[in-house]
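Coordinate analysis (summary)
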Amino acid sequence: MAEMEDTLSEIRDDISLAASRTISSLLMVDCSIADDWEVKERLTGMYDHIITLGCSNSDYQGVIMIAVGDQGAHQYADTHEEVVDIFGEIANTYCGMLMDQDRVKEKIGILSQAIPMYAADRTFFPRAAAVSGSVVTEDDVYIRVGFAIRGFMTLLNI
Amino acid sequence: MSKRVVVVDDSKFLTKQIKKFLEKEMGYEVVAIGHDGEEAVTLYEEHKPDLITLDITMPGKDGQDAMEEIIEKDPDAKILMISAVRGDAMLECMANGASGYVEKPLKLKDADFVTDFKATLNEVFE
């Protein structure tokens, strides 16, 4: 776990840059990276809207989180369905953008991605080091982005 | 006569962007929009378009499976994959019959990206 936290610390800037570029491209707005990006023991948090997206390869399994407050979400979406659609697409694209970062690819490899899921208001991904922080759009909307990762674990039914 | 296109992506937000780009920038006619692989196959058979764009990661039948099914039925089908999936997916799609592959995000405000996107679309029909 500590080793994974060290790895994430090394690539934290790549992870935040990918987040900013993804959101900027999809929402077609200028974005900045907030100074709250940090490596944590696990990915947790409560927000109005959370999208999670699972990803894995033979060595690692991870979760991407995209979270936003209700007011911010509705700057870009009129309905709940649109919130899920737009921020789900951000999660989907962010996974690909992470793999475009050479240092991320070198440390973790290529992760295959699942379908984005709406996770109501709370996220929790245990036994996984995480890096998270905010991207701020030109409309002053704070979008919380998280990436948690751990060595591949197989769950067995006993 | 303008090219007739079917656009398939599970994100409605993105299909709107793709449709707008294809119609305004390329002069194509988007004749149908779908949101999963099953719809892609059905819409292709129904409309017989000049081009179909496919996302890969979609619920149910994914874009790669849909692509293979369309190619099996129509080996001359023009299929452009538009996806965030990295790694071997692009090579697999191209080896199995895709005419082109564009990586998301679609940076439609970036002049270089738009130029490349247009070039890829033109290459599909060469």
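Residues numbered from 1 in each chain as written. Chains lettered and ligands numbered in written order. Predicted model: local features only at pLDDT ≥ 70, side-chain atom pairs only at ≥ 80, totals over all residues. Heavy atoms only, no water.

Residue and element names in this part refer to chain B. In a regular helix each residue adds 1.5 Å, so 14 residues correspond to 20 Å; helix α5 (residues 111–124) covers 20 Å between its end C-alpha atoms and thus fits that length. Considered for burial, the residues of α5 that qualify are Phe-113, Val-114, Phe-117, Thr-120, Leu-121 and Val-124. Along α5, the residues classed as buried sweep out an arc of 125° about the axis, all on the same side. Away from its buried face by more than 90 degrees, α5 exposes Ala-111, Asp-112 and Glu-123. Where α5 is buried, its residues touch α1 (12–24), β3 (51–54), β4 (79–83) and β5 (100–103). (Helix = DSSP H or I, 4+ residues; strand = E, 2+ residues; numbered from the N terminus. Expected span 1.5 Å × (residues − 1). Buried < 20%, exposed > 50% of the residue type's maximum accessible area, 1.4 Å probe, protein only. Arc of directions from axis to C-beta. Contact = heavy atoms within 4.5 Å.)

For the rest of this paragraph, the subject is the sheet that holds β5(B). Residue and element names in this part refer to chain B. Spatially, five strands are ordered β2-β1-β3-β4-β5 in an open sheet, and the strand pairing comes out parallel. Of all strands in the sheet, those bounded by a partner on one side alone are β2 (29–34) and β5. For this sheet, the mean angle separating the axes of adjacent strands, direction not counted, is 20°. Alignment of strand β1 (residues 4–8) against β2, held across five bridges, turns out to be parallel. Its bridge partner being in β2, Val-5 is matched across the sheet by Val-30. Contacting β1, β2, β3 and β4, α1 crosses the sheet at an angle of about 165° to β2. (Pairing = 2+ DSSP bridges. Axes fitted to C-alpha atoms, helices over the stretch in contact; angles between N-to-C directions.)

Another point: unusual backbone geometry. Looking along the chain, the bond that leaves Lys104(B) and enters Pro105(B) is cis, with omega of 5°. Following the sequence through the fold, Pro105(B) ends up in the loop between β5 and α5. Non-glycine residue Asp140(A) carries a positive phi angle of around 65°. By secondary structure assignment, the location of Asp140(A) is in the loop between β9 (129–137) and β10 (142–151). Although it is not a glycine, Lys48(B) adopts a positive phi angle of roughly 45°. Its place among the elements puts Lys48(B) in the loop between α2 (37–47) and β3. Lys48(B) gets classed as exposed once you look at its relative accessible area, which sits at 53%.

Next up on the list: the interface of chain A and chain B. Counting residues at the interface gives 18 residues for chain A, matched by 22 residues for chain B. Between chain A and chain B, the buried area comes to about 1600 Å², and carbon and sulfur atoms account for 60% of it. Linking chain A with chain B are three salt bridges. The residue Arg86(B) makes a salt bridge to Asp100(A) at a minimum N-O spacing of 2.6 Å. At the junction of chain A with chain B, the criterion picks out nine residue pairs in polar contact (both at pLDDT 80 or more). (Buried area = accessible area lost by both parts, 1.4 Å probe. Salt bridge = Lys/Arg side-chain N within 4 Å of Asp/Glu carboxyl O. Polar contact = N/O pair within 3.5 Å; in protein donor to acceptor, adjacent residues only side chain to side chain.)

Further remarks concern the nonpolar core. In this structure, Ile15(A), Ile66(A), Phe87(A), Phe147(A), Leu22(B) and Phe117(B) are the most contacted members of the largest nonpolar core, which totals 63 residues. At ten residues, helix α4 (residues 80–100) of chain A tops the list of elements feeding residues into this core. Setting aside residues no more than four positions away along its own chain, Ile66(A) makes contact with His49(A), Ile50(A), Ile51(A), Phe87(A), Ile90(A), Ala91(A), Tyr94(A), Ile143(A), Arg144(A) and Val145(A). Residues Ala32(B), Val41(B), Leu54(B) and Met67(B) belong to the second largest nonpolar core, which totals 23 residues. (Core = buried A, V, L, I, M, F, W, Y, C linked by side-chain atoms within 4.5 Å.)

This part is about the environment of Ile149(A). Relative to the helices and strands, Ile149(A) is located in strand β10. Put simply, Ile149(A) and Met4(A) are 145 residues apart on the chain and 7.7 Å apart in space, counted from C-alpha to C-alpha.

What follows covers the confidence of the model for chain A. For chain A, mean pLDDT is 92; residues scoring 70 or higher make up 96% of the total. Element-level pLDDT for chain A is lowest in strand β8 (residues 122–125) of chain A, with a mean of 76, against a maximum mean of 98 in strand β1 (residues 31–33) of chain A. (pLDDT = per-residue confidence, 0-100.)

Our focus in this paragraph is the environment of Ser11(B). Here Ser11(B) shows up in the loop between β1 and α1. Its relative accessible area of 2% is what places Ser11(B) among the buried residues. Residues Ser11(B) and His35(B), 24 residues apart in the sequence, show an inter-C-alpha distance of 7.0 Å. Leaving out residues up to four positions away in the same chain, Ser11(B) has contacts with Asp85(A) and Glu89(A).

This next bit is on the pattern of salt bridges. One pass over the structure, following the stated rule, counts 16 salt bridges over all chains. Here Lys107(A) and Glu10(A) are joined by a salt bridge, their closest N and O atoms 2.7 Å apart. Here Glu10(A) lies in helix α1 (residues 2–10) and Lys107(A) lies in helix α5 (residues 102–108), a separation of 97 residues in the sequence. Lys107(A) gets classed as partly exposed once you look at its relative accessible area, which sits at 31%. Between Arg86(B) and Glu103(B) there is a salt bridge; the shortest N-O distance is 3.6 Å. With Arg86(B) in the loop between β4 and α4 (89–95) and Glu103(B) in strand β5, this pair connects stretches of sequence that are 17 residues apart.

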